[in-house]
Amino acid sequence: MPKQEAPALRSCPVCGDGLLRLYRCGRCDAVVAMCDECELIWSDAAKVVRRGKTKSNAAFPACPACEAKRVKWFRLSLEEIREAGLESLLPSPPSD
Ligand SMILES: [Zn+2]
Ligand SMILES: [Zn+2]
């Protein structure tokens, strides 16, 4: 099993096929949730993780925080998620 570098938060509430992961904007450092299929972006990752159907704020490659039309996105690894204190957004690991 490869080491899971970028864990998914949940399935995408819009397209249903994609997975939401945390990304950091290379311009303003905002952390958002982005779908790997439909590329929609939610600036409030906690809200879309908890509530599911929530309107997205932007679509790749635009940033909803600094409003740049095109930014470089960096996918957060599990370690970076822990460092940012966002572990609570991840699904609970299996207990076995
Ligand atoms: Zn999607
Ligand atoms: Zn930004």
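Scroll up to find the structure.
Because the structure is predicted, anything quoted here is derived from the model rather than measured.

Undergrad: Quick question: what am I supposed to make of the pairing of strand 2 (residues 19–25) here?
TA: Burial analysis of strand 2 places five of its seven residues in the buried class, the great majority of the element. Of the pairings in the sheet, the one linking strand 1 (residues 10–11) to strand 2 comprises two bridges and is antiparallel in character. Paired with Ser11 across the bridge in strand 2 is Leu19. Pairing analysis gives five bridges linking strand 2 to strand 3 (residues 31–35), with the strands arranged antiparallel. In the strand pairing of strand 3, Leu22 is matched with Ala33. The hairpin turn running from strand 2 into strand 3, its antiparallel successor, is five residues long, and Asp29 in that turn takes a positive phi close to 70°.

Undergrad: Help me out: how do you make sense of the coordination of the zinc ion (ligand 1) in this one?
TA: Reference geometry at the metal: tetrahedral coordination by four donors gives ideal angles of 109.5 degrees; octahedral coordination by six donors gives 90 or 180 degrees. Bound to the zinc ion (ligand 1) are the protein donor atoms Cys12 (SG), Cys15 (SG), Cys35 (SG) and Cys38 (SG), situated 2.2 to 2.3 Å from the metal. On the accessibility criterion, Cys35 (1% relative accessible area) is buried.

Undergrad: Would you mind going over the coordination of the zinc ion (ligand 2) with me for this structure?
TA: Distances from the zinc ion (ligand 2) to its protein donors, Cys25 (SG), Cys28 (SG), Cys63 (SG) and Cys66 (SG), fall within 2.3 Å. Relative to the metal, the four donor atoms surrounding the zinc ion (ligand 2) lie at angles of 104 to 116°, and the coordination shape comes out tetrahedral. Expressed as a motif, the donor residue spacing for the zinc ion (ligand 2) is C-x2-C-x34-C-x2-C. Residue class for Cys25 comes out buried when judged on its relative accessible area of 0%. Of the residues examined, Cys28 reaches a relative accessible area of 32% and is grouped as partly exposed.

Undergrad: How should the nonpolar core be read in this particular structure?
TA: As a rule of thumb, soluble globular proteins bury nonpolar side chains together. Among the nonpolar cores identified, the biggest contains 15 residues, and Leu9, Leu20, Leu22, Ala33 and Trp42 are the most heavily contacted of them. Where this core is concerned, the elements lending two or more residues are strand 2, strand 3, strand 4 (40–42) and helix 1 (45–51). Here this core gets three residues from one element, more than from any other, and that element is helix 1. With near-sequence residues (within four places) excluded, Leu20 lies in contact with Ala8, Leu9, Arg10, Ser11, Cys12, Pro13, Met34, Cys35, Trp42 and Val48. Formed by 10 residues, the second largest nonpolar core is a distinct cluster that contains Tyr23, Cys25, Met34 and Ala68.

The rules behind the values
Residues numbered from 1 in each chain as written. Chains lettered and ligands numbered in written order. Predicted model: local features only at pLDDT ≥ 70, side-chain atom pairs only at ≥ 80, totals over all residues. Heavy atoms only, no water. Buried < 20%, exposed > 50% of the residue type's maximum accessible area, 1.4 Å probe, protein only. Helix = DSSP H or I, 4+ residues; strand = E, 2+ residues; numbered from the N terminus. Pairing = 2+ DSSP bridges. Donors = N, O, S within 2.8 Å, 3.2 Å for Na, K, Ca; no water. Tetrahedral: all angles 85-135°; square planar, octahedral: opposite > 155°, others 65-115°. Core = buried A, V, L, I, M, F, W, Y, C linked by side-chain atoms within 4.5 Å. Contact = heavy atoms within 4.5 Å.

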